[in-house]
Amino acid sequence: MSQTKIKQTAGREALGEFAPEFAHLNDDILFGEVWSRNDLLSLRDRSIVTVVALMSQGLTDSSFKYHLESAKKNGVTRTEIAEILTHAAFYAGWPKAWAAFRMAKEVWTEEPEKDNASNSMEEYARTILFPIGNPNDAFAQYFIGQSYLAPVVTEGVPVFNVTFEPGCRNNWHIHKATKGGGQTLICVGGRGYYQEWGTAPVELHPGDSVYIPAGVKHWHGAAPDSWFSHLAFEVPGENTSNEWLEPVNDEEYSKLK
Ligand code: MN
């Protein structure tokens, strides 16, 4: 991550004539240097630290409001600020949390993040018959986003349930074999895509299946806004192996609905 310098003028605007050195320290050092070191700690994290530090002193004035607004701008969600202030209440003091909440309510005025809540793994898991399993750490390097793996059948023809979080997909890859081989996918939950190199992506819904012959370059994964699960069958073959290739181009993927 590279540094993005924060431009702050509040010090000079409010105190530039009265206390030019304080204004300089505020605008150029505190914001221009410390806040700007976002390669060491993200703006979002700095916002959380600052909000909690101010709340713990009971400083719920206009500067607190400014920092709540910055926190929101830096990616802290309504659900998160509620959790942050609740957590801090135990350490900083109950009445200080009450005061902070009054101001936070004025900043996070939008409706609760219903979409996110209904996209939770727990809620998605209730919609599918197969388990989601564990994080697919062994293959994480070949995926963008988080995937999960649950063995369904471990003998004979092994079958795994592969679950992709929204936006997750595997890299382009080829199932290799000198005879037979390839992969069969059967969609069992959510909504996702399968694409063969040189052809348009095909949308997959529960019940849809795809046979991928050995030697065909392809990827599979979730739609940007939906969880997705498919059973993966390794088709028996001779000298089978997987060749992992480049990630799916972000720009191309982002065109998918
Ligand atoms: Mn595959």
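Coordinates for the structure precede this section.
What comes next is a walk through the structure.

Criteria and cut-off values
- Residues numbered from 1 in each chain as written.
- Predicted model: local features only at pLDDT ≥ 70, side-chain atom pairs only at ≥ 80, totals over all residues.
- Heavy atoms only, no water.
- Helix = DSSP H or I, 4+ residues; strand = E, 2+ residues; numbered from the N terminus.
- Contact = heavy atoms within 4.5 Å.
- Areas by Shrake-Rupley, 256 points an atom, 1.4 Å probe, with all protein chains shown as cover.
- Lys, Arg positive; Asp, Glu negative; His and termini not counted.
- Charge placed at Lys NZ, Arg CZ, Asp CG, Glu CD.
- Expected span 1.5 Å × (residues − 1).
- Buried < 20%, exposed > 50% of the residue type's maximum accessible area, 1.4 Å probe, protein only.
- Phe/Tyr/Trp six-rings, centres within 6.5 Å; stacked < 30°, edge-to-face > 60°.
- Lys NZ or Arg CZ within 6 Å of the ring centre and 35° of its normal.
- Donors = N, O, S within 2.8 Å, 3.2 Å for Na, K, Ca; no water.
- Salt bridge = Lys/Arg side-chain N within 4 Å of Asp/Glu carboxyl O.
- Arc of directions from axis to C-beta.
- Pairing = 2+ DSSP bridges.

Here we take up the overall build of the protein chain. Counting its regular elements, the protein chain contains nine helices and 15 strands. The principal-axis extent of the C-alpha atoms belonging to the protein chain is close to 80 × 35 × 30 Å. Sequence separation of 24 or more characterises 69% of the internal contacts of the protein chain that already satisfy a separation of 6 or more. With an accessible surface of roughly 14,700 Å², the protein chain has 57% of that area assigned to carbon and sulfur atoms. Seen as two clouds, the 22 positive and the 33 negative side-chain charges of the protein chain have centres 4 Å apart.

Time to look at helix α6 (residues 94-107). Taking 1.5 Å per residue as the helical rise, α6 with its 14 residues ought to reach 20 Å, and the 20 Å between its terminal C-alpha atoms agrees with that figure. Of the positions making up α6, those classed as buried are Ala97, Ala100, Met103, Ala104 and Val107. Packing partners of the buried residues in α6 comprise α3 (43-56), α4 (62-73) and α5 (78-92).

Our next topic: the packing of aromatic side chains. Counted by the stated rule, this structure contains 13 aromatic pairs. When the centroid spacing of 6.2 Å and the interplanar angle of 45° are considered together, the rings of phenylalanine 143 and tryptophan 244 count as tilted. One end of the pair, phenylalanine 143, is in strand β2 (residues 143-144); the other, tryptophan 244, is in strand β15 (residues 241-244), and 101 residues separate them in sequence. The two residues phenylalanine 143 and tryptophan 244 agree in class, both being buried. In this structure an aromatic cluster arises from ring pairing among Phe139, Tyr142, Phe143, Phe164, Phe228 and Trp244. The lysine or arginine in question, lysine 217, covers the ring of tryptophan 172, its NZ or CZ lying 5.8 Å from the ring centre.

Once that is clear, we can look at the environment of valine 51. Tracing the chain through its elements places valine 51 in helix α3. Valine 51 has contacts with Phe64, His67, Leu68, Ala71, Ile81 and Leu85, leaving out every residue within four places of it along the chain.

For the manganese ion, the protein coordination sphere consists of His173 (NE2), His175 (NE2), Gln183 (OE1), His218 (NE2) and His220 (NE2), at 2.1 to 2.2 Å. Here the donor residues of the manganese ion share one chain and are spaced in sequence as H-x1-H-x7-Q-x34-H-x1-H. Judged by relative accessible area, which is 0%, histidine 218 ranks as buried.

All chains considered together, the criterion is met by eleven salt bridges. A salt bridge links arginine 169 to aspartate 250; the shortest N-O distance between them is 2.6 Å. Residue arginine 169 is found in strand β5 (residues 169-170), and its partner aspartate 250 is found in helix α9 (residues 250-254); the two are separated by 81 residues along the sequence. On the basis of relative accessibility, which here comes to 55%, the residue aspartate 250 falls in the exposed class. Among the ionic pairs, glutamate 252 bridges to lysine 255, the shortest N-O distance being 3.1 Å.

The next point concerns the environment of serine 70. In this structure, serine 70 sits in helix α4. The exposure class assigned to serine 70 is buried, which follows from its relative accessible area of 11%. For the pair serine 70 and leucine 43, spaced 27 residues apart in sequence, the C-alpha to C-alpha distance is 8.8 Å.

Quick look at α3 now. The end-to-end C-alpha distance of α3 is 20 Å, a good match for the 20 Å that 14 residues give at a rise of 1.5 Å each. Among all positions in α3, only Arg46, Ser47, Thr50, Val51, Leu54 and Met55 are buried. Take α3 and look down its axis: the buried residues cluster within an arc of 160°, on one side only. Among the structural elements, α2 (20-35), α4, α5 and α6 are those in contact with the buried residues of α3. In the segment just after α3, glycine 58 is the residue with positive phi, at about 75°.

As a further point, take the sheet that holds strand β13 (residues 228-234). Across the sheet, which stays open at both edges, the six strands sit in the order β1-β3-β4-β13-β8-β11 with antiparallel pairing between neighbours. A single partner strand is all that each edge strand has here, and the edge strands are β1 (134-135) and β11 (209-212). In this structure, strand β3 (residues 147-153) lies alongside strand β4 (residues 159-164), joined through six bridges in antiparallel fashion. Pairing of proline 151 across the sheet is with phenylalanine 160, part of β4.

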